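Tertiary structure, described
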Amino acid sequence: MPAPTSAVPSRATAAGVLPEQPLSGPLAPRVVALGGGHGLSQALAAWRRITTELTAVVTVADDGGSSGRIRREMPVLPPGDLRMALAALAGPAARHQELAVLLQHRLGGWGALAGHPVGNLLLTGLMEVHGGDTCRALDVLGELVGACGRVLPMAEVPLDLVARVESVDPDDPRRSRTIRGQVAIASTPGRVRDIRVEPADPAVAPEVTDAIAAADVVTLGPGSWYTSVLPHLLVPQLHAALAATSARVVVVLNLVPQAGETDGFSPEQHLEVLSAHLDGVAVHAVVADEHSVVDRRGLLSAVRGYGAELILAPVAEPDGAPRHDPARLAAALAAVAGAR
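Let us look at the structure shown here. (Residues numbered from 1 in each chain as written. Predicted model: local features only at pLDDT ≥ 70, side-chain atom pairs only at ≥ 80, totals over all residues. Heavy atoms only, no water.)

1. Some details on the layout of surface pockets
Considered as a void within the structure, the largest pocket measures approximately 840 Å³ in volume. Around the largest pocket, the lining is made up of 37 residues, and of these G36, G37, H38, G39 and S224 lie nearest the centre. Residue assignment for the lining of the largest pocket shows that the elements contributing at least two residues are α1 (37-47), α2 (65-73), α3 (80-88), α7 (182-187) and α9 (225-229). The leading source of residues in the lining of the largest pocket is α3, at 6 residues. Of the residues that constitute the lining of the largest pocket, the class distribution is 10 nonpolar, 21 polar and 6 charged. (1 Å grid on protein atoms, 1.4 Å probe; cavity = no way out; pocket = protein on both sides within 12 Å on 5 of 7 lines; lining within 4 Å. Points joined across faces, edges and corners; volume = space filled by probe spheres on them. Helix = DSSP H or I, 4+ residues; strand = E, 2+ residues; numbered from the N terminus. Nonpolar A, V, L, I, M, F, W, Y, C, P; charged D, E, K, R; others polar.)

And the structure:
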């Protein structure tokens, strides 16, 4: 990771203090959260406790389940991760929370609609109604659920992920395989060595690059490292926007390695993989769970080498589940939300 020109001295930092209510208006930090799936939902659940000026930029490479069926049958973006982000940002009013439950509800039965979340169908219908304008469709559905922020797609066309996966079997005559598709990459035995997106230079909505340019804080992670986090750095327009922004860029590390993608990875190895894709994007802070880090000195040394600050705090669920706790993560993110 390239060190920022005015790097914050690296140190292990305790969690910050949360405001009683999310900050709004001129005092609210402008935050852009990059990612996809459950990891992004956890990050959004944390950030909404801090600020109302929140934008989620969501991966659009899902090719499995309901999203995969929809993208194969219709010329629209896969809606699943976008739907999950909207549900995570739903307003606190009872009617908004009820709609959020509806968005996530999967239809039963055995017919063509079985397994589709209602929100995927609603979002697909809105994309059709608005002539394929996904940003407009997301804004309309966001208004319906009283979203505490905005949800945007990382690209204006569906993306395919293509990875080189190395087998763990030393007797395998084909040690390295090229695997196409998010679901196939996640389910193929072996370790991902590198990944790319197709098309290689997709169109990105100006709303996305404008949000990054105006941000005070940008977060990467948590989430599937190769299929939800790194893809944002592989899209040239997104990469250029991240390299040019004056925002503090914060990396939120996963609690545990992900089977298939990052088997056996230490926190330092996650950062090494990320750094190989930064190419001019500065990282200013790294958030890690203090109970998940085995080699604290090693992680601190690695983060210090990148000219960044280490926020080491209890951010996991208190029951030991390998998930970030939104309130705890928010307390840690509050340590960097107000500083530039």
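2. What to know about the sheet that holds strand β6 (residues 176-180)
The 3 strands lie next to each other as β6-β5-β7, forming an open sheet whose pairing is antiparallel. Of all strands in the sheet, those with a lone pairing partner are β6 and β7 (191-198), marking the two edges. Strand-to-strand twist of the sheet, defined as the mean angle between neighbouring strand axes without regard to direction, takes the value 20°. The pairing of strand β5 (residues 160-166) with β6 spans 5 bridges and is antiparallel. Counted as the bridge partner of A163 is I179 from β6. (Pairing = 2+ DSSP bridges. Axes fitted to C-alpha atoms, helices over the stretch in contact; angles between N-to-C directions.)

3. Describing unusual backbone geometry
Cis geometry is found at the peptide bond from E198 to P199, where omega equals 0°. With an omega of 0°, the peptide bond running from G221 to P222 counts as cis. Relative to the elements of secondary structure, P222 occurs in the loop between β8 (217-220) and α9. Phi at D279 takes a positive value of approximately 45°, unusual for a residue other than glycine. Its location among the elements puts D279 in the loop between α12 (267-275) and β10 (285-289).

4. Focus: the pairing of β8
Of the two faces of β8, the one carrying V217 and T219 and the one carrying V218 and L220 are both buried. Summarising the sheet, strand β2 (residues 31-35) and β8 pair through 4 bridges and their orientation is parallel. Counted as the bridge partner of V32 is V218 from β8. Relative to strand β9 (residues 248-252), β8 is paired through 4 bridges, and the arrangement is parallel. Among the inter-strand pairings, V217 is bridged to a residue of β9, identified as R248. (Buried < 20%, exposed > 50% of the residue type's maximum accessible area, 1.4 Å probe, protein only.)

5. Comments concerning the pattern of salt bridges
Taken as a whole and judged by the stated rule, the model has 10 salt bridges. With a shortest N-O distance of 3.4 Å, D160 and R180 are connected by a salt bridge. Of this pair, D160 sits in strand β5 while R180 sits in strand β6; the two residues are 20 residues apart in sequence, bridging distant segments of the chain. For D160, a relative accessible area of 22% translates into the label partly exposed. Note that R323 and E317 form a salt bridge whose closest N and O atoms lie 4.0 Å from each other. (Salt bridge = Lys/Arg side-chain N within 4 Å of Asp/Glu carboxyl O.)

6. Section: α3
Among the 9 residues that make up α3, 9 are buried, leaving the element largely enclosed by the rest of the structure. Buried within α3 are the following residues: G80, D81, L82, R83, M84, A85, L86, A87 and A88.

7. Brief notes about the pairing of β2
Judged by how many residues are buried, β2 sits mostly within the fold: 5 of 5 residues are covered. Of the two faces of β2, the one holding V31, A33 and G35 and the one holding V32 and L34 are both buried throughout. Summarising the sheet, β2 and strand β3 (residues 54-58) pair through 5 bridges and their orientation is parallel. The residue bridging G35 from the neighbouring strand is V58, located in β3. Handedness of the crossover joining β2 and β3 through α1 is recorded here as right-handed. (Right-handed = clockwise from strand over helix to strand, strands pointing away.)

8. Some thoughts on the environment of L274
With respect to the helices, strands and loops of the structure, L274 is situated in helix α12. Note on L274: relative accessible area 0%, which makes it buried. Between the C-alpha atom of L274 and that of T188, which follows or precedes it by 86 residues, the distance is 21 Å.

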